[in-house]
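Structural overview
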Amino acid sequence: MNSILRVKLLKLILLSFIVFIIISCAENLPIFNSERITFGEKSLANPEEVRPERERGINSIANRNYDRAFRTLTNYLKSTPNDPEARIFLNNLEVEKNKKPYHVIAVSMPISSNLNASLEVLRGVAHAQYDWNFSRSGAEGMLKVAIADDDDNDFNNGTKIAEEVATELAKKKEILGVVGHYSSDTSLATANIYKDDQLVSISLSTSVELTNYSPYFFRTVPSDRAAAKALAKYAQTELNSVKAMVFYNSDSKYSKSLSQEFISEIGRRNIILREDPDCDLSTWSKNPEDWREKATKVLNRAKDSANVLMLAPSSGYLDRALEILQVNQGNLPVLGGDEVYSAKTLEKGRDSAVKMIVAIAWDIEVNEAGSDFPERSRKLWGTSSVNWRTITAYDAVQALGRAIEKQTQPTREGVREELSSNFSTPGALRAVKFLDSGDYDGDIQLVEVVKIGSRYDFVPLKR
């Protein structure tokens, strides 16, 4: 073999080796990031019943056939209006049709692990985007929304997926703000990622630890301190003396924050079984068949001393908390944090949930400003029964839109400056304002589970 052929062969072997190394490394790369972010080219929140028209619309977006996608999704939403992801996709197509400069924001929710809550948030984002863009149709300044799935209840990876998603969103320089994240754990894990890239996030998380956490962190929900104060005040008003059992899960920042704030409000000496590990839902068996027995035993240990139960589970532990509700059967008054505000509580709790008091950010029935938001919700979704997650997400988008609009040349840093400077803008039911800490400037609403005929619902308590 002559020297020229030998050199060519060596080059070919070296090139093959390099390709092999690249492929091997690629196979070990995480599959997160772009696979978890969409503008409409793929669905992250597939409904249980997959509609062919919905699929055709999304496939048309993926193939950049925007006119066909617009027609298809428009027809789909006429028959299935209550699909917020499809609504955001259609809103984005409207932006494409406009062919004028627009601005990009994102929403990041735990779609894979907490679909129902995520859809409630997406409903608020979609409605706010629709209202914002409709008022600017044919003009500049419309909003395009990226949807991200941060899967914040992935027990195997903790907050790693959320961190991957936040990093990817932060890299996309066209994104001027993020609605999210949902849980306090993911908000705490991602806040510094956004800070490093000067990207504002407006969260639905409530942990007290997030107060003053980052100049780029804001939220449109009151903190756990406000919820704990409202619940403690209610208990102190209704009971001669408060002797509470507090159930929480120690692997959640939100759950620990709410339970600790409640304990602080009523005094540690008034907590029954304060150090009992069975009050920590994360110590329970993962087998649901064991939960009834566990709940029975722990309640029996305190039945002669406790006079109120406080349930502060994160979303992944709601089923365990509901076992406590079932065993209690209304014998002791029950208080709950906002994660208890769920259709599952009404479905599983039924009579055992009646008279339970839950602290949330908003209830649409308490419409202090006489807003037409409930009627607009009915027209858009076919129902006006949207909850606090929808309302606070709506307010977050309105805040980002207003902060962007107030700048001649919008920038990420400009969004932060606007939100930090005596900011106020109309929200779903009242003005959206922030304290210097980034916390929401607003009150807590208490709701009660009531039975109405054969159904159960959360009804606001009159102040």
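Let me sum up the structure you'll find in this document.

**Regarding the sheet that holds strand E3 (residues 142-149)**
Think of a sheet as strands paired side by side through backbone hydrogen bonds, with each pair either parallel or antiparallel. One open sheet holds the six strands; their spatial order is E1-E3-E2-E4-E5-E6, and the pairing between them is mixed. Where the open sheet ends on each side, the last strands, each with one partner, are strand E1 (37-38) and strand E6 (217-219). Running at roughly 160° to strand E4 (residues 175-179), helix H14 (residues 388-405) makes contact with strand E2 (102-109), E3, E4 and strand E5 (201-203) of the sheet.

**Brief notes about the environment of Ile 61**
Note on placement: Ile 61 falls in helix H2 (residues 52-62). Its relative accessible area of 9% is what places Ile 61 among the buried residues. Spatially, the C-alpha atoms of Ile 61 and Phe 39 are 9.0 Å apart, while their sequence positions differ by 22 residues.

**Details of the nonpolar core**
Core analysis: the largest hydrophobic core is formed by 96 residues, its most contacted members being Met 245, Phe 247 and Leu 419. Broken down by element, the residue count for this core peaks at ten residues, all from H14. Apart from residues no more than four positions distant in its own chain, Met 245 is found in contact with Ile 272, Leu 273, Cys 279, Val 298, Leu 299, Ala 302, Ala 306, Val 308, Leu 309 and Met 310. Judged by nonpolar contacts, the second largest core, of 23 residues, contains Leu 239, Tyr 254, Ile 266 and Ile 357.

**A word on the environment of Met 245**
Inspection of the secondary structure assignment puts Met 245 in strand E7 (residues 244-248). Residues Met 245 and Asn 270, spaced 25 residues apart in sequence, show a C-alpha to C-alpha distance of 8.9 Å.

**Considerations on the packing of helix H5 (residues 115-134) against helix H13 (residues 373-381)**
For the pair H5 and H13, the least separation of the axes is 11 Å and the interaxial angle reads 100°. By the angle between their axes, H5 is roughly perpendicular relative to H13. In this structure, H5 contributes Arg 123, Ala 126, His 127, Tyr 130 and Asp 131 to the contact, and H13 contributes Phe 373, Arg 376, Ser 377, Leu 380 and Trp 381. A per-class count over the contact of H5 with H13 returns five nonpolar, two polar and three charged.

**Thoughts on the pattern of salt bridges**
Under the defined criterion, the tally for this structure stands at 28 salt bridges. Two residues, Asp 319 and Lys 344, come together in a salt bridge whose shortest N-O distance is 3.3 Å. One end of the pair, Asp 319, is in helix H11 (residues 318-328); the other, Lys 344, is in helix H12 (residues 343-349), with 25 residues separating them in the sequence. Given a relative accessible area of 34%, Lys 344 falls into the partly exposed group. When the shortest N-O distance is used, the salt bridge between Lys 451 and Asp 351 registers 3.7 Å.

What counts, and where the lines are drawn
- Residues numbered from 1 in each chain as written.
- Predicted model: local features only at pLDDT ≥ 70, side-chain atom pairs only at ≥ 80, totals over all residues.
- Heavy atoms only, no water.
- Pairing = 2+ DSSP bridges.
- Helix = DSSP H or I, 4+ residues; strand = E, 2+ residues; numbered from the N terminus.
- Contact = heavy atoms within 4.5 Å.
- Axes fitted to C-alpha atoms, helices over the stretch in contact; angles between N-to-C directions.
- Buried < 20%, exposed > 50% of the residue type's maximum accessible area, 1.4 Å probe, protein only.
- Core = buried A, V, L, I, M, F, W, Y, C linked by side-chain atoms within 4.5 Å.
- Parallel < 35°, antiparallel > 145°, perpendicular 65-115°, else oblique.
- Nonpolar A, V, L, I, M, F, W, Y, C, P; charged D, E, K, R; others polar.
- Salt bridge = Lys/Arg side-chain N within 4 Å of Asp/Glu carboxyl O.

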